[in-house]
Amino acid sequence: MNKHITLTLLFLIGLSANAQTDKRLKGIDKDLNALLQTAKAAGFSVAVVEKDKVIYSAGFGYRDHEKKLPADANTLFAIGSSTKAFTSAILGSLRADGKLDFDDSPLKYVPELQFYNNDLNGNVNIEDLMSHRTGIPRHDYSWYLFPTHSRDSIIQRIKYQEPFTGLRKQWHYNNFMFTVQGVIAEKITGKSWEDNIRERFLVPLGMNRTNVSIAEMKAASNAALGYDLKNDVITRTDYYDIAAMAPAGAINSSANDIANWMMVWINKGKFKGREILPEAYINEAMSSHAVVRGGLPSKEYPTTFMANYGYGWMMASYKGHYRVEHGGNIDGFSASVAFFPAEEIGIVVLTNQNGSSIPSLVRNTIADRMLGTKKTDWNAQLKDELKKAKEAEAEAKKVKKQDDPVTKAPSHELNDYTGLFTNPGYGTFEIVRKGDSLFAEFQQTRFYLKHKHYDIFAPYDAKDGIDTSEDSNGLFFNFATNDGGDISGVKLKVEQSLDHPLEFTRKPKAVAVDGDILNEYAGNYEIAGMTVKVSVKNGKLYMFVPGQPEYELSPTSKTMYVVTTLDGYKAEFISKDGKVREMVMHQPNGKFTAVKK
């Protein structure tokens, strides 16, 4: 036991590449290890830059928690939205070359891009994209639950994404608008966003470890695995492939590599004497272009205030010092890239903990020392916040249990809820039945749908086995019916900024029916003195009603067919004595039987 404790303590000292070279950081490893322990993070890496030098870099904890492989300053982490400053900087570089202006409409360069209404189409400019001022909310489930490697597909979805306020009326974060910036650069340069990042930044900055895709991350050496903290247990998470949304958050990097990127911003756009970005763009990008929120000083922190946004950067006053920063979060990883331009100091913190407070707390701990401000015990604050969070969580569970309504049975059989559900601004998912349970299946995610009340179901993670330890956080599957009483869609509150849920229209999943059976259904059917003709063409069944267009019939079983273009209309074929005798037409106003001639 004593031997194990000694080895653990030796490891917790941290692996520092440039540790203890500056008196301001004396004993910093102890403070950072304390944060690691309190947060129960797998690991993290940090680098501190002053002017054009790295004065401290180190790794703490593990990049691979199971194998106990240590993290160091060269370990790769996903940096998530800290990518955004890179993407906007491409446009800053192109503007300096006279290739665009920030007042230009993005439709000038991406004509296939369309917004939700004409006001946006006619008035949004590139600067609005760079500073989150379009009034379009995040709609993040659109890319997160429906990933694609086609940027064309991503661009096409924007037309259907409803704004929640007017243009330039309110700041609101939007990942899609940064992907649009990446596409603008692609159109102008004829090169992919990935190649623009490599050629304009990674190569000239010597960021040799950095890459721009999950495929590269998986193939790289010394790459961190992602983790989450569930019930105080460090749990492995899969990498998330952000795919076509890469310009909003695909970069994977190390603390030492990001240190070079921070030097560009601290040194007016130059790295080792070479201009990487124009000084004019540097100054503009880290200036305020939108107010995020009031950012008022509190009683506890009277010198910490302001919350504004530039181009891929957030601005705040930290204890009286102007701070430029952008965080990042993606499955299993969190990040903070920050610098203080007046003091010429930069701090990067990368961790393999999902939704972690480690980046901001480590950043603040180091900033207090480097800026010479009054030190705050950030570890003690973290302990206090974690304690309060657990108490609040326990109380919330009590309240939720008391407020749960008496469960009423669903209005339909489970099979009636199955099928394909689609929304043009998001994508298509499938609900399937397995045994006595329903599952919603997305491309990378699978939910078990637990019945809650009437036609409302709550989703629970079922990707690697059903996990009902956490509820759906208010995301319920609320099924809707058409005039015929059939399940016609499901309403999901996938965008919290809108005052209404979005509807995904149901299309019953077609089943394969043998051609011989289809031929048996073909023929003329008499009803009320009228002849309805059913025919087979190219392996599909069609119905022609006099005076109406020809309708395609799509099979949901061997005998039941939906009219593909009419919601709530179905045709059911009835056999007697081994022969097809009738076609029952199910309509919103009733059922009507046609007799086969």
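Attention here is on the structure that accompanies the text.

About the cut-offs
- Residues numbered from 1 in each chain as written.
- Predicted model: local features only at pLDDT ≥ 70, side-chain atom pairs only at ≥ 80, totals over all residues.
- Heavy atoms only, no water.
- Helix = DSSP H or I, 4+ residues; strand = E, 2+ residues; numbered from the N terminus.
- Buried < 20%, exposed > 50% of the residue type's maximum accessible area, 1.4 Å probe, protein only.
- Contact = heavy atoms within 4.5 Å.
- Areas by Shrake-Rupley, 256 points an atom, 1.4 Å probe, with all protein chains shown as cover.
- Lys, Arg positive; Asp, Glu negative; His and termini not counted.
- Charge placed at Lys NZ, Arg CZ, Asp CG, Glu CD.
- Core = buried A, V, L, I, M, F, W, Y, C linked by side-chain atoms within 4.5 Å.
- Polar contact = N/O pair within 3.5 Å; in protein donor to acceptor, adjacent residues only side chain to side chain.
- Phe/Tyr/Trp six-rings, centres within 6.5 Å; stacked < 30°, edge-to-face > 60°.
- Lys NZ or Arg CZ within 6 Å of the ring centre and 35° of its normal.
- Pairing = 2+ DSSP bridges.
- Axes fitted to C-alpha atoms, helices over the stretch in contact; angles between N-to-C directions.

**Structural notes on the overall build of the protein**
Okay, step 1: Looking only at helices and strands, the protein features 16 helices and 32 strands.
Okay, step 2: A principal-axis box enclosing the C-alpha atoms of the protein has dimensions of 95 × 65 × 45 Å.
Okay, step 3: The buried share among the 597 residues of the protein stands at 51%.
Okay, step 4: Nonlocal contacts in the protein, meaning residues at least 24 apart in sequence, comprise 57% of its contacts between residues at least 6 apart.
Okay, step 5: As presented, the protein carries roughly 27,300 Å² of accessible surface, and 49% of it is formed by carbon and sulfur atoms.
Okay, step 6: Placing the 73 positive and 72 negative side-chain charges of the protein at their respective mean positions leaves the two points 3 Å apart.

**Quick notes on the nonpolar core**
Okay, step 1: Counting 94 residues, the largest nonpolar core has Phe115, Phe201, Trp261, Trp265, Leu277 and Trp313 as its most contacted members.
Okay, step 2: Looking at this core element by element, the count peaks at 9 residues for helix α12 (residues 255-266).
Okay, step 3: Grouped together as the second largest cluster of nonpolar side chains are 28 residues, Leu32, Val46, Phe340 and Leu361 included.

**Some details on the side chain of serine 253**
Okay, step 1: Considering the arrangement of structural elements, one finds serine 253 in strand β8 (residues 252-253).
Okay, step 2: On the basis of relative accessible area, serine 253 is assigned to the buried category, the value being 0%.
Okay, step 3: Within the local environment of serine 253, its side chain forms a polar contact with the side chain of threonine 210, the two groups lying 2.7 Å apart.
Okay, step 4: When sequence neighbours within four positions are dropped, the list of residues in contact with serine 253 reads Thr75, Leu76, Phe77, Ile79, Met207, Thr210, Ile258 and Leu350.

**Observations concerning the packing of aromatic side chains**
Okay, step 1: Tallied over the entire structure, the rule returns 40 aromatic pairs.
Okay, step 2: Measuring from ring centre to ring centre gives 6.0 Å for tryptophan 143 and tyrosine 240, while their planes differ by 65°; the resulting arrangement is edge-to-face. Here tryptophan 143, found in helix α6 (residues 141-144), pairs with tyrosine 240, found in the loop between β7 (233-237) and α11 (246-249); they are 97 residues apart in sequence, far enough to count as distant. Of the two residues examined, tryptophan 143 and tyrosine 240, each falls in the buried class.
Okay, step 3: Here the guanidinium or amino end of lysine 84 rests over the ring plane of phenylalanine 178, the centre of that ring lying 5.5 Å away.

**A closer look at the sheet that holds strand β19 (residues 437-441)**
Okay, step 1: If you trace the 8 strands once around the closed barrel, you get β17-β18-β19-β20-β21-β22-β23-β24, paired in antiparallel fashion. For this sheet, the mean angle separating the axes of adjacent strands, direction not counted, is 35°.
Okay, step 2: Here 2 bridges tie strand β21 (residues 456-461) to strand β22 (residues 477-481), and the two strands are oriented antiparallel to one another. By the bridge assignment for β22, phenylalanine 457 is matched with phenylalanine 477.

**Some points on the environment of asparagine 211**
Okay, step 1: Its location among the elements puts asparagine 211 in the loop between α9 (193-202) and α10 (214-219).
Okay, step 2: In sequence terms asparagine 211 and leucine 76 are 135 residues apart; their C-alpha atoms lie 8.9 Å from each other.
Okay, step 3: Those residues in contact with asparagine 211 that sit more than four places away from it in its chain are Leu76, Glu216, Met217, Ala220, Ala250, Ile251 and Asn252.
Okay, step 4: Within the local environment of asparagine 211, its side chain forms a polar contact with the side chain of asparagine 252, the two groups lying 2.7 Å apart.

**Considering unusual backbone geometry**
Okay, step 1: In this structure, lysine 51 is a non-glycine residue whose phi angle is positive, near 60°.
Okay, step 2: Residue position: lysine 51 is located in the loop between β2 (43-50) and β3 (53-64).
Okay, step 3: Taking relative accessible area as the criterion, lysine 51 reaches 44% and is therefore assigned partly exposed.
Okay, step 4: Unlike most non-glycine residues, glutamate 344 shows phi in positive territory, near 55°.
Okay, step 5: Mapped onto the elements, glutamate 344 comes out in the loop between β15 (333-340) and β16 (345-351).

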